[in-house]
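Residue-level structural notes
Residue-level listing of the chains:
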Amino acid sequence: MTVSNAMTADFLRSAYGGESMAHMRYLIWGDVARDEGFPNVGRLFEAIAYAEWAHADNHFKVLGGEKTQDYTVAAGGVFGCNKTVDNLQGAIDGELHEVKQMYPVYLETARFQEEKGAEKSFHFALEAEKIHAKMFQDAQDAVKQGKDVELDNVYICPICGYTHEGPDAPDVCPVCGAKKEKFKAFEK
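These figures come from a predicted structure and were not determined experimentally.

**Thoughts on the overall build of the chain**
Secondary structure assignment for the chain yields 4 helices and 3 strands. Reading the helices (α) and strands (β) of the chain from amino to carboxyl end gives α-α-α-α-β-β-β. Rg of the C-alpha trace for the chain: 16 Å, near the compact-globule value of 16 Å for 188 residues, within the 12% margin. When its C-alpha atoms are laid out on the principal axes, the chain stretches across 50 × 35 × 25 Å. For the chain, the proportion of its 188 residues judged to be buried stands at 49%.

**A word on the side chain of H132**
One can find H132 in helix α4 (residues 116-144). Here H132 is in contact with I48, A51, E52, H55, E95, G161 and T163, once residues within four sequence places are set aside.

**Points about unusual backbone geometry**
A positive phi angle is found at E114, which is not glycine, with a value near 55°. Tracing the backbone through its elements, the reader meets E114 in the loop between α3 (84-112) and α4. The class for E114 is exposed, based on a relative accessible area of 63%.

**Describing the packing of helix α1 (residues 6-35) against helix α2 (residues 39-62)**
Running from amino to carboxyl end, α1 crosses α2 at an angle of 165°, the nearest separation of the two axes being 8 Å. With respect to α2, the axis of α1 lies roughly antiparallel. For the pair α1 and α2, the sense of crossing is left-handed. Considered class by class, the residues forming the contact of α1 with α2 number 18 nonpolar, 6 polar and 5 charged.

**Some points on the nonpolar core**
Proteins that are soluble and globular tend to have nonpolar side chains buried together. Residues Y26, V41, F45 and F136 are the most contacted members of the largest nonpolar core, which totals 26 residues. Among the elements of the structure, α1, α2, α3, α4 and β1 (154-156) are those that each provide at least two residues to this core. For this core, the element with the highest residue contribution is α2, accounting for 8 residues. Residues within four places of F45 in sequence aside, it is in contact with Y26, W29, G30, N87, L88, A91 and F136. Core analysis: the second largest hydrophobic core is formed by 17 residues, V62, V99, M102 and A118 among them.

**Re the packing of aromatic side chains**
Scanning all chains against the criterion turns up 13 aromatic pairs. Centre to centre, the rings of Y103 and F122 are 5.9 Å apart; their planes meet at 45°, and the pair counts as tilted. Of this pair, Y103 sits in helix α3 while F122 sits in helix α4; the two residues are 19 residues apart in sequence, bridging distant segments of the chain. As far as burial versus exposure is concerned, Y103 and F122 are alike and both buried. The interplanar angle of 90° and the centroid separation of 6.5 Å between the aromatic rings of Y162 and F183 together place this pair among those described as edge-to-face. Placement of the pair is Y162 in the loop between β1 and β2 (163-165) and F183 in the loop between β2 and β3 (184-186), with a sequence separation of 21 residues. By relative accessible area, F183 is classed as buried at 9%. One aromatic cluster is present, built from ring pairs that chain together F11, Y103, Y106 and F122. R25 extends its terminal NZ or CZ atom over the ring of W29, reaching a point 5.7 Å from the ring centre. The ring of Y50 carries K184 above its face, with NZ or CZ at 5.3 Å from the centroid.

What counts and how
- Residues numbered from 1 in each chain as written.
- Predicted model: local features only at pLDDT ≥ 70, side-chain atom pairs only at ≥ 80, totals over all residues.
- Heavy atoms only, no water.
- Helix = DSSP H or I, 4+ residues; strand = E, 2+ residues; numbered from the N terminus.
- Rg over C-alpha atoms; globule rule 2.2 N^0.38 Å.
- Buried < 20%, exposed > 50% of the residue type's maximum accessible area, 1.4 Å probe, protein only.
- Contact = heavy atoms within 4.5 Å.
- Axes fitted to C-alpha atoms, helices over the stretch in contact; angles between N-to-C directions.
- Parallel < 35°, antiparallel > 145°, perpendicular 65-115°, else oblique.
- Left-handed = near helix turned anticlockwise from the far one by under 90°.
- Nonpolar A, V, L, I, M, F, W, Y, C, P; charged D, E, K, R; others polar.
- Core = buried A, V, L, I, M, F, W, Y, C linked by side-chain atoms within 4.5 Å.
- Phe/Tyr/Trp six-rings, centres within 6.5 Å; stacked < 30°, edge-to-face > 60°.
- Lys NZ or Arg CZ within 6 Å of the ring centre and 35° of its normal.

By themselves, these are just geometric observations and shouldn't be taken as functional.
Here it is as structure tokens:
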């Protein structure tokens, strides 16, 4: 798959950079949460890191896996490591930026430019990020009270990054239609 419009390609590279950084940042922040005595928050960061990997993977594939040194991929995410409560705020802010600003613009541009692969990739990410923002907010509310978040099993769709909490994965992903067997489990 390749992209023919330069603006959509730039948006894909930007989103790839942001999702890649979020993936690594969440893994690091998950370790901090576990070290501070919040194992469920750590597991939540780890699960959502996997969803961010799925988004980065989709964006990269839509670009056709282009190999070039002509582009610098930068991302404007939070950089650094603090206490878990602060790291959760960084995660909330990042997810809300993607939900309210970044992905709606990227998605509409892809639609306008008739870039179907980019449109699908941006849609997948947008739907998952809405869930992530809520889950991170719930986790932060608990941590502010000195408690770990109550968290059931977390299931991530490797196709679109859809994130589900519950005793079992959904039979079919509500975003991309992937079967239950494909979901990656982050169990308690």
